[in-house]
Amino acid sequence: MDSLKVGMKHALEWEVTEKLCTTRGDYKVFSTPSMTLFVEIASQELAAPHLTPGQGQVGLSVNIRHLAPTPIGKKVRAETELTGIDRRKLTFKVKVFDDVEQVSEAEHERFVIDVNKYIERLRKKISA
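Cut-offs and rules
- Residues numbered from 1 in each chain as written.
- Predicted model: local features only at pLDDT ≥ 70, side-chain atom pairs only at ≥ 80, totals over all residues.
- Heavy atoms only, no water.
- Helix = DSSP H or I, 4+ residues; strand = E, 2+ residues; numbered from the N terminus.
- Polar contact = N/O pair within 3.5 Å; in protein donor to acceptor, adjacent residues only side chain to side chain.
- Expected span 1.5 Å × (residues − 1).
- Buried < 20%, exposed > 50% of the residue type's maximum accessible area, 1.4 Å probe, protein only.
- Phe/Tyr/Trp six-rings, centres within 6.5 Å; stacked < 30°, edge-to-face > 60°.
- Salt bridge = Lys/Arg side-chain N within 4 Å of Asp/Glu carboxyl O.

Novice: A description of the side chain of Arg-110 should follow, citing residues and the corresponding values.
Specialist: Mapped onto the fold, Arg-110 is located in strand E7 (residues 102-114). For Arg-110, the side chain forms a polar contact with the side chain of His-108, separated by 3.0 Å.

Novice: Got a sec to walk through helix H2 (residues 115-127)? Specific residues and values, please.
Specialist: If you check H2, its first and last C-alpha atoms are 18 Å apart, about what 13 residues at 1.5 Å a residue would give, namely 18 Å. For H2, a buried count of 0 out of 13 residues is recorded, marking the element as mostly open to its surroundings. Capping the start of H2 is the job of one residue whose side-chain oxygen sits 3.0 Å from the backbone nitrogen of Asn-116: Asp-114.

Novice: Tell me about the packing of aromatic side chains, and please be specific about residues and values.
Specialist: How two aromatic rings sit relative to each other is given by the distance of their centres and the angle of their planes. What the rule picks out here adds up to 2 aromatic pairs. Both rings, one in Trp-14 and one in Phe-38, keep their centres 4.5 Å apart while their planes meet at 35°; by these two values the pair is tilted. Placement of Trp-14 in strand E1 (residues 9-15) and of Phe-38 in helix H1 (residues 32-47) is noted, with a sequence separation of 24 residues between them. Given the relative accessible area of 19%, Trp-14 is considered buried. Between Phe-30 and Phe-38, the aromatic rings sit 6.1 Å apart at their centres with planes inclined by 75°, giving edge-to-face as the arrangement. For the pair formed by Phe-30 and Phe-38, the shared burial category is buried. Pairwise contacts between aromatic rings join Trp-14, Phe-30 and Phe-38 into one cluster.

Novice: Before we move on, can you summarise the pattern of salt bridges with the specific residues and values?
Specialist: For the structure shown, the criterion picks out 8 salt bridges. The salt bridge involving Glu-79 is made with Arg-77; its shortest N-O contact spans 2.7 Å. We classify Glu-79 as partly exposed; its relative accessible area is 33%. Residue Arg-77 is classed as partly exposed on the basis of its relative accessible area, which comes to 30%.

What follows is the structure, given as structure tokens:
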């Protein structure tokens, strides 16, 4: 995690497929839940190569503004930037574009975890 630096950037591109859409009138458009997933995955991909063995990450929060519709079949691109590191909490600003305009902006927080401790906590919850 020591190699993570504020200002690092990453981009991710997806095609808007039917499973990522909701219906508005006669049109299928990129849904807000799918956009939220897109923002999380783009940010996760930025951080992942910088984690040490035994570390993982989880999402803490997503504050997203869905600014414009993107129809099925178009491509969307998430541009994420690491804007803050507070011990194990990572903060990202993400902009999402289709081939016409910016369609979203988001702030996202992730937390770096110890995977073994996480799994042990999960096991205790399952057996409770």
